[in-house]
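Here's the letter readout for the chains.
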Amino acid sequence: MEFRETILSSFRTLVSHKMRSALTMLGIIIGAGSLVAVMSLVAGLNRSVAAQFQSIGTDIISVSRYPWVQTGGGEDYRKRKKITAEDAEAVEALPSIGLTAPNVHTSRNLSFDGEVLRMITISGTTPEYETIDNFAVEDGRFVTDIDVERRRQVAVLGAGPATELYGARDPIGKNVSIGGRRFRVVGVLESKGSILGSSLDDLVIIPITTFEKVFGHYRSTVIDCQPAEGVPMQRAVEDIRHVMRIRRRVPRDAPDDFAINTQDELLAEYHSLTGMLYLAMIGIVGLSLLVGGIGIMNVMLVSVAERTREIGVRKAIGAKRADIRSQFLVESVILSVVGGTAGIGGGIGLAFLVRLGTPLPAAVTAVSISIALGFSLVTGIVFGVYPALRAGRLNPIEALRYE
Amino acid sequence: MLIELSGIGKTYEVGTQTVPALRDITMAVEPNEYLAIMGPSGSGKSTLMNIVGCLDTPTDGSYRLKGREIAELDDDELALIRSEEIGFVFQTFNLLPRMTAFQNVELPLIYSRAERHTRTDRVWGAIDAVGLRDRATHRPSELSGGQRQRVAIARALINRPSIILADEPTGNLDSATGEEIMEVFGSLHSSGNTVILVTHEEYIAEHARRIVRLRDGMIESDSPN
């Protein structure tokens, strides 16, 4: 029987049983739809995270007591020996390391002209911090070597405090009160947006020496640095690890008592966490398609039984086994592909709604649509084969006698 | 010779028993004959019809249709023969309910892979031959019993078969409509078709020119009418 005829005939049959066809497709619709929605969500999230990470600085190496990603191992990172300014100098001296900026942090109230901002991050650092940590000065200037040398009480404001304390006024040259001391604003930073929901603009930068003068020397230093030109990240990291372990007298078989954070690591950690989640979600969705497929097989078996007489008649007027088989297989595939397409449409719609209504970014990819379509097609074929074979094998004489 | 049956036998295995439905059937049919196969229920007439109609193969003997031995054909080859040489008309019409009369008559052409551009004309030709042009777009549920049987006859004719096999064609019709249908068979015979009726009703068999009577799976008599 011609392919076109088979498809037309199968469509006719499915349309004449609209309710049954629709219910049968439900499993596939949900399966395909969830697949697209989930994959879109993950794709969007991945893209968004990658983009946000770009704003931190792509080849930054940050040495601190705390790892950026804390995998609840139970270790109390605060008990670790603090990292010192001397450690920072040792790292800076490494040939494989280029720019280095030690930095220390605290939280304090900020105020100007009666306006008070509570608990803003105050960072004490050196000029290199601007480059390494990817800051851009919108107005005025950054901290300079002379500021550091002379322990000047100058401050560079992040976009957040700049707007909230001064509004439309130009903060440059004005005073700001940090921790009870008077500082002069010398620069304002460009907005950096936020990462995973938290703002990167709520900070104030002052010279590291001033920080220690005002807030004390007892904190652990964070060493931010970059590999020297032409040095691979891996080697720079290893060299840092080597010198830090020696300086802190870490025994040969003990783990590091400090953390060397890189963006690659962060992304890798992110991917391994989400990777497993991703697979789990795909698995659940796959199950949904399986259920949909079983639903199709069931309905097709019922359909074959109901149409036993019809199959007998078709055989009597000249249909071969293959003609009967392909008729039912095509019906099954149409069910699954139409259901799959409807589901994909629903999934796209859902992803769109999610992107509009929630902070979650969902990006529908061609890959997800192809996979969903492919799975639907395969489901229709796999679960349609058995009923089709049974239909083909019916004995025409017995089939004709069937009530 | 159109049909040559020599020593045809059919036995069924029912559990541990072997049931002989047909024994030693020998007969021949020439083109353009009009014959009735008669017998009470259990006489084997349905079994004989299934074999002549290539729906089933005999366990013994030889069946040559237009010189070709049927007994050794496989399922697909039988399907092809059914498509090209046999036109069935059933007691219960057996039209496909979700298709129109036109589509029902067209179906055998689709299975015999006839060319698309000739199909429409041929279907109308068959529909006209049974006088149903104005009901062609109706579904079987919208047709009377007599009209349905006409559609079935048109379907049986569409592939220009060698044999028209009618199994109790008037069984589900009232006597007036039944007579109309028998007239259709009569005119089919006049136009050159070979018509084989299978029936247990004497007055239906009377329409034929030759009556083969079966009893207990064997030919009791075979004589002109």
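Keep in mind the model is a prediction, meaning the values are calculated, not measured.

**Notes on the overall build of chain A**
In terms of regular secondary structure, chain A is built from 13 helices and 12 strands. In terms of C-alpha radius of gyration, chain A reaches 33 Å, well past the compact-globule figure of 22 Å for 403 residues. Along the longest, intermediate and shortest principal axes, the C-alpha atoms of chain A span 105 × 55 × 40 Å. Out of the 403 residues in chain A, the part that is buried amounts to 38%. Put simply, 82% of the contacts in chain A that link residues at least 6 apart link residues at least 24 apart.

**A look at the confidence of the model for chain B**
Summary statistics for chain B give a mean pLDDT of 91 and a share of 100% for residues scoring 70 or more. The ipTM assigned to the predicted complex is 0.93, against a pTM of 0.72.

**Section: the interface of chain B and chain A**
One frequent convention defines the size of an interface as the accessible area lost when the parts assemble. Facing 19 residues of chain B, the contacting portion of chain A comprises 18 residues. Going through the elements one at a time, α2 (75–85) and α3 (101–111) of chain B are the ones with two or more residues in the side of chain B that touches chain A. Per-class residue counts for the side of chain B that touches chain A are eight nonpolar, four polar and seven charged.

**Some details on helix α9 (residues 263–306) of chain A**
Residue and element names in this part refer to chain A. Across its 44 residues, α9 extends 63 Å between first and last C-alpha, which sits within 8% of the 64 Å expected from 1.5 Å per residue. Within the span of α9, buried status applies to V285, S288, L289, G292, G293, G295, I296, M297, V299, M300, S303 and V304. At its buried positions, α9 is contacted by α2 (18–54), α11 (321–357) and α12 (366–393).

**Some words on the nonpolar core**
Of all hydrophobic cores here, the largest spans 110 residues; its most connected members are V36(A), A154(B) and I196(B). Residue contributions to this core peak at 11 residues, all from α2(A). Apart from residues no more than four positions distant in its own chain, V36(A) is found in contact with I344(A), G347(A), I348(A), A351(A), V364(A), S368(A), I369(A) and A372(A). One finds F112(A), I122(A), V143(A) and A155(A) within the second-largest nonpolar core, a separate group that totals 27 residues.

**Focus on the environment of G343(A)**
Structurally, the position occupied by G343(A) is in helix α11. Not counting the four nearest positions on each side in its chain, G343(A) is found in contact with I28(A), I29(A), I30(A), G31(A), A32(A), G33(A) and A372(A).

**Observations concerning the pairing of strand β2 (residues 17–29) of chain B**
Residues and elements named next belong to chain B. Bridge count for strand β1 (residues 3–14) against β2 is nine bridges, and the pairing is antiparallel. By the bridge assignment for β2, I8 is matched with I25. Hairpin geometry of β1 and β2 is characterised by an intervening segment of two residues between the two adjacent antiparallel strands and by a positive phi of about 70 degrees at G15.

**Quick notes on the sheet that holds strand β9 (residues 210–215) of chain B**
Residue and element names in this part refer to chain B. One open sheet holds the six strands; their spatial order is β6-β7-β8-β3-β9-β10, and the pairing between them is mixed. The sheet terminates laterally at β6 (86–89) and β10 (218–224), the two strands that pair on one side only. Ignoring strand direction, the axes of neighbouring strands in this sheet form an average angle of 15 degrees. Bridge count between strand β7 (residues 163–167) and strand β8 (residues 194–199): five bridges; the pairing is parallel. Note that in β8 the partner of A166 across the bridge is L197. Sheet strands in contact with helix α5 (residues 145–157) are β6 and β7, and its direction is about 170 degrees off that of β6.

**Points about the environment of N172(B)**
Residues and elements named next belong to chain B. Looking at where N172 falls in the secondary structure, it is placed in the loop between β7 and α6 (175–190). The class of N172 is partly exposed, set by 16 C-beta atoms lying within 10 Å. N172 sits 26 residues away from G146 along the chain, and the two C-alpha atoms are 9.1 Å apart. If sequence neighbours within four positions are ignored, N172 has contacts with Q91, T92 and G145.

**So, the sheet that holds strand β4 (residues 60–65) of chain B**
Residues and elements named next belong to chain B. Within the open sheet, the four strands sit side by side as β2-β1-β4-β5. Their pairing is antiparallel. Edge positions in the sheet fall to β2 and β5 (68–69), since each has one partner strand and no second. Relative to β5, β4 is paired through two bridges, and the arrangement is antiparallel. Residue pairing in the sheet places L65 in a bridge with R68 of β5.

**A word on unusual backbone geometry**
In this structure, N134(A) is a non-glycine residue whose phi angle is positive, near 60 degrees. Along the chain, N134(A) turns up in the loop between α4 (128–132) and β4 (137–140). Assessed through the 16 C-beta atoms surrounding it within 10 Å, N134(A) is described here as partly exposed. Its identity as a non-glycine residue notwithstanding, N94(B) has a phi of 55 degrees, on the positive side. Inspection of the secondary structure assignment puts N94(B) in the loop between β6 and α3.

**Regarding the packing of α5(B) against α6(B)**
All names here are of chain B. Taken N-terminus to C-terminus, the directions of α5 and α6 make an angle of 20 degrees; their axes are 10 Å apart at the nearest point. Taken together, the axes of α5 and α6 are roughly parallel relative to one another. When you trace α5 past α6, the crossing you get is right-handed. Residues G145, G146, Q149, R150 and I153 of α5 lie in contact with α6, whose contacting residues are T177, E180, I181 and V184. Looking at side-chain class alone, the contact of α5 with α6 contains three nonpolar, four polar and two charged residues.

Scoring rules and cut-offs
Residues numbered from 1 in each chain as written. Chains lettered and ligands numbered in written order. Predicted model: local features only at pLDDT ≥ 70, side-chain atom pairs only at ≥ 80, totals over all residues. Helix = DSSP H or I, 4+ residues; strand = E, 2+ residues; numbered from the N terminus. Rg over C-alpha atoms; globule rule 2.2 N^0.38 Å. Buried ≥ 20, exposed ≤ 12 C-beta atoms within 10 Å, placed from the backbone. Contact = placed C-beta atoms within 7 Å. pLDDT = per-residue confidence, 0-100. Nonpolar A, V, L, I, M, F, W, Y, C, P; charged D, E, K, R; others polar. Expected span 1.5 Å × (residues − 1). Core = buried A, V, L, I, M, F, W, Y, C linked by C-beta atoms within 7 Å. Pairing = 2+ DSSP bridges. Axes fitted to C-alpha atoms, helices over the stretch in contact; angles between N-to-C directions. Parallel < 35°, antiparallel > 145°, perpendicular 65-115°, else oblique. Left-handed = near helix turned anticlockwise from the far one by under 90°.

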